[in-house]
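Geometric and topological summary
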Amino acid sequence: MQKKNGNKKESVPKKNTLLSRLRNSFYDYKVRFASGLLIVAFSFYLAVAFFSFLKYGYADRSKFDIPFWDLIFDADIKVENFTGKFGAYLSDLFINNGFGLASFSIIFLIFIVGIRMLGARIIPLKKTLLHTLLISIWVSVTLGFFFLNSLTDKYLLLGGYHGFLVSNWLKSIIGWIGTFLIIFLTLIVYMSVNFDWFIPLVKKPFKKYLPKTQPSVIENDDELIEMDENVAVNELNVDDEMNFIIKEKISDDDGLNSDIQLYNGETDPDIELRIEKAVSEEVFQGFDNIPQGDYDPTLDLSSYKMPGVDLLDDHKKENAQVKEEELIFNKNKIVKTLEDYKIQIKSIKATVGPTVTLYELVPMPGVRISRIKNLEDDIALSLSALGIRIIAPIPGEGTIGIEVPNSEPEVVSMKSIISSKKFQTTTYELPIALGKTISNETFVMDLTKTPHMLVAGATGQGKSVGLNAIITSLLYKKHPSQIKFVLVDPKKVELNIYSKIEHHYLAKLPDEVEPIITDVQRVVNTLHSLTIEMENRYELLKKAHTRNIKEYNQKFVKRVLNPEKGHRFLPYIIVIIDEFADLIMTAGKEVELPIARIAQLARAVGIHMIIATQRPSTNIITGVIKANFPTRVAFKVASMIDSRTILDSPGANQLIGRGDMLVSQGGDLIRVQCAFVDTPEVERIVDYIGGQKGFPTAHELPEYEGDLSGQEAGEVDLSKRDPMFEDAAKVVVSNQSGSTSLIQRRFSIGYNRAGRIIDQLEAAGIVGPSEGSKARQVLIADEMALERILDNFR
């Protein structure tokens with residue numbers, strides 16, 4: 001039979017089984033609290049029973065041979081255990097018939113479960129369960145292996161029946177030696193995986209046999225952990241990119257007369273190897289003394305020490321935890337609001353974050369997602385919340401997310417982020433720790449993969465704190481020789497605090513006095529200087545036959561590239577502009593065009609840009625900027641239009657402020673609570689860095705003499721002609737095309753130099769004046785006429 005058209009909805013019968021009623025009762029906080037108390041009390045009872053069993057188990061052993069119910073209900077049977085017959089029975093069941101002494105872990109697990117039901121979250125339950133189970137099995141098997149023969153006739157099996165069976169089974173297969181090796185190796189593997197201090201402790205006795213390397217230092221709250229980046233190498237690895245040729249016999253025909261010894265810097269009489277580079281002008285050739293070992297860029301400041309986490313404040317101490325009552329109240333309100341609109345859900349799960357709690361809903365079959373999405377304002381009203389955000393659906397989860405602000409948001413301290421395991425052990429080239437996600441995970445991104453970032457938001461919503469978090473995380477991870485900052489601060493007060501680390505981490509033009517750039521014309525000159533630096537770096541990469549800065553620096557560190565040929569170690573350059581809107585309003589295209597050019601090309605050569613603005617409008621964040629800054633960070637804004645301007649989607653207008661932000665990376669939006677680093681903390685960090693020995697000067701960018709394209713021809717001094725002037729004139733006349741790009745491509749030079757040559761050609765009467773985007777008119781017909789003009793300058 002067909003359904004009637006009038007039936008818009010098919011009713012779903014609700015199950016009312018005993019199991020469902022019991023499950024639903026645990027949503028009641030009172031039931032959970034009472035159950036938690038009982039479970040905690042039972043854990044104490046079991047602890048007393050186990051310890052009493054260790055003393056009186058032998059006396060009670062004969063009582064356990066009868067059936068359990070006969071033991072319990074026979075009042076004439078007495079036991080010595082302090083917890084009575086039931087406790088004595090449980091002790092024998094868990095210890096002798098179970099895991100032996102490892103059964104004490106069961107008490108610990110029961111106690112943790114009870115505490116969690118009471119509302120306290122001491123340690124993660126799933127991780128604790130996994131580690132406790134692994135340790136219990138290992139201890140049971142180990143005790144069963146070592147104490148099997150001596151205690152089989154006693155009342156107590158130290159490894160329990162489980163240890164007895166497993167150890168006997170292993171010995172029957174691989175013998176006692178194999179069983180011992182398995183026990184020992186599993187312990188080593190477990191300790192190595194779970195404890196960072198274990199590997200350095202094991203390596204310490206063999207330290208004198210290992211090659212000397214520059215240690216990588218990870219700073220924790222309580223101690224410094226040194227991690228060797230290399231291990232002993234007994235053979236020579238050949239890198240195809242370096243085109244090394246290894247010969248067994250020594251040849252003096254190529255001018256390389258010194259042998260290269262390759263083991264700890266000492267001569268090995270049994271090994272005579274010869275290493276030479278295949279034909280290339282970029283490597284060491286023709287020298288009697290070749291430096292041995294890798295080049296270390298940190299040696300110029302070898303005494304430099306990274307700042308410790310003790311310089312940061314732990315703001316999290318004053319935080320209030322989200323209460324169980326608040327979670328249950330919000331859950332019930334959400335369910336009630338949806339039921340008022342005839343929307344049924346299967347389940348709901350809460351994930352508590354520092355600022356908001358994510359409630360994940362699984363709707364009943366047939367419910368349209370758009371219906372829930374349209375109830376955003378109604379749910380916010382029922383919760384009396386500042387503003388909620390609905391994610392429908394959550395990508396990759398198959399659920400609908402409702403983000404509800406916590407009544408008392410937590411402060412995510414920068415100290416907790418810097419000292420987190422994720423940040424300390426990250427392998428990112430330029431790690432940026434922004435804060436914590438909604439699931440309380442440390443959010444770390446690699447600036448080299450970003451590769452440029454736009455930060456925007458309304459005034460007072462955390463933008464400046466976000467920039468401080470970015471700079472601080474890099475200062476804690478990278479040596480001064482590895483990164484340099486170009487700081488632009490039109491407001492003159494936000495970034496001025498970092499002037500104290502000028503000789504360590506900052507870069508500027510050679511003639512600049514102030515390390516922080518505040519004047520608009522100085523900003524323009526610096527941006528043009530960065531384009532010159534970018535072009536120079538591309539020339540170095542071209543000569544070295546590498547594709548990016550990482551490959552180039554690896555070759556330089558391996559001493560494949562010759563410094564006498566102009567090669568050098570290239571630090572990353574990070575350009576941070578605090579108030580981009582002010583620059584656009586005063587300089588316009590003079591600023592936007594070089595920024596766009598750097599953003600388009602500079603990623604491969606290690607130049608990255610971060611621009612911030614509190615004015616997210618389309619005339620500030622233009623299409624050119626958005627196209628070249630794929631990673632956007634949005635703090636709270638006033639309207640949906642502003643959110644779309646920053647992120648190309650709504651959401652930033654629904655944030656709650658105080659560091660609450662959305663990070664757009666590759667099209668995905670991630671909600672993050674920005675790490676809070678206060679001004680006194682930043683002052684302590686820069687004072688610590690500035691108090692150490694630094695470089696003689698700040699890192700110098702290439703000189704920029706200003707753009708001559710806007711000058712009249714008569715202003716050009718032809719007595720200071722470019723060395724390529726004559727060659728460029730011949731190219732222009734032969735091609736009958738006078739354009740800067742032609743000279744730039746033909747001679748592989750930068751745009752600014754090519755522009756100056758064009759201006760000199762105009763002053764000499766070889767090409768006509770600029771005609772906008774068109775190529776200049778060539779005024780000389782042939783090379784014979786050109787020669788007569790050139791003779792006047794010779």
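Residue positions within a chain follow its written sequence, with the count starting from 1. Note on the predicted model: pLDDT of at least 70 is required for a residue's local features to be given, and 80 or more for side-chain atom pairs to be given and counted; whole-chain, interface and lining totals, by contrast, use all residues. Heavy atoms from the whole structure form the basis of all side-chain values; hydrogens and water molecules are not counted.

**A look at the pairing of strand β12 (residues 483-488)**
Within β12, 6 of the 6 residues are buried, which leaves the element mostly enclosed by the surrounding structure. Strands were regarded as paired on the criterion that DSSP finds at least two bridges between them. Every helix listed is a DSSP run of H or I at least four residues long, and every strand listed is a run of E at least two residues long, numbered separately from the N terminus. Alignment of β12 against strand β14 (residues 572-577), held across 6 bridges, turns out to be parallel. When the sheet's bridge partners are listed, Val486 is paired in β14 with Val575. Using a 1.4 Å probe on the protein chains alone, a residue whose accessible area is under 20% of its type maximum counts as buried, one over 50% counts as exposed, and one in between counts as partly exposed.

**Quick notes on the pattern of salt bridges**
Only one rule defines a salt bridge in this text: a Lys or Arg side-chain nitrogen within 4 Å of an Asp or Glu carboxyl oxygen. The final tally for this structure, using the stated rule, is 23 salt bridges. Here Arg522 and Glu512 are joined by a salt bridge, their closest N and O atoms 2.6 Å apart. Here Arg522, found in helix α17 (residues 520-544), pairs with Glu512, found in the loop between β13 (507-508) and α17; they are 10 residues apart in sequence, far enough to count as distant. Glu512 shares its class with Arg522; the two are buried.

**Brief notes about the confidence of the model for the protein chain**
Of the residues in the protein chain, 80% reach a pLDDT of 70 or more, and the chain-wide mean stands at 79. The low-confidence segment residues 1-14, where pLDDT is below 50, has 4 contacts with residues more than four positions distant or belonging to other chains. Below pLDDT 50 for its whole length, residues 707-714 participates in 5 contacts with residues either more than four positions away or in separate chains. pLDDT measures how confident the predictor is about each residue, on a scale from 0 to 100. Any pair of residues with heavy atoms lying within 4.5 Å of one another is described as a contacting pair.

**A closer look at α17**
One less than the residue count of a helix, multiplied by 1.5 Å, gives the span that helix is expected to have. Across its 25 residues, α17 extends 36 Å between first and last C-alpha, which sits within 8% of the 36 Å expected from 1.5 Å per residue. Counting buried positions over the 25 residues of α17 gives 18, a clear majority of the element. For α17, the capping residue at the N-terminal end is Asp519, with a side-chain oxygen 3.1 Å from the backbone nitrogen of Gln521. At the C-terminal side of α17, His545 shows a positive phi close to 60°. Between N or O atoms, a polar contact is any pair within 3.5 Å; within protein, one atom must be a potential hydrogen donor and the other a potential acceptor, and residues adjacent in sequence are included only when both atoms are from side chains.

**Here's the deal with the nonpolar core**
Residues grouped as a nonpolar core are buried Ala, Val, Leu, Ile, Met, Phe, Trp, Tyr and Cys residues, joined through side-chain atoms within 4.5 Å. In this structure, Phe485 and Tyr498 are the most contacted members of the largest nonpolar core, which totals 107 residues. With 8 residues, the top contributor of residues to this core is α17. Not counting residues up to four positions away in its chain, the partners in contact with Phe485 are Ile471, Leu474, Leu475, Tyr505, Leu506, Ala507, Ile574 and Ile576. Of all hydrophobic cores here, the second largest spans 25 residues; its members include Leu742, Ile758, Ala764 and Leu790.

**Section: the sheet that holds strand β6 (residues 356-363)**
Pairing between the strands of a sheet is mediated by backbone hydrogen bonds and can be parallel or antiparallel. Read across the open sheet, the 4 strands follow the order β5-β6-β8-β7; overall the sheet is antiparallel. One side of each edge strand has no neighbouring strand; the edge strands of this open sheet are β5 (345-352) and β7 (389-391). Pairs of neighbouring strands in the sheet enclose a mean axial angle of 20°, with direction left out of account. Packed onto the sheet, helix α10 (residues 324-340) meets β5, β6 and β8 (400-405) and runs at close to 40° relative to β6. Only C-alpha atoms enter the line fits that serve as axes; for helices the fit covers just the stretch in contact. Angles between N-to-C directions range over 0 to 180 degrees.

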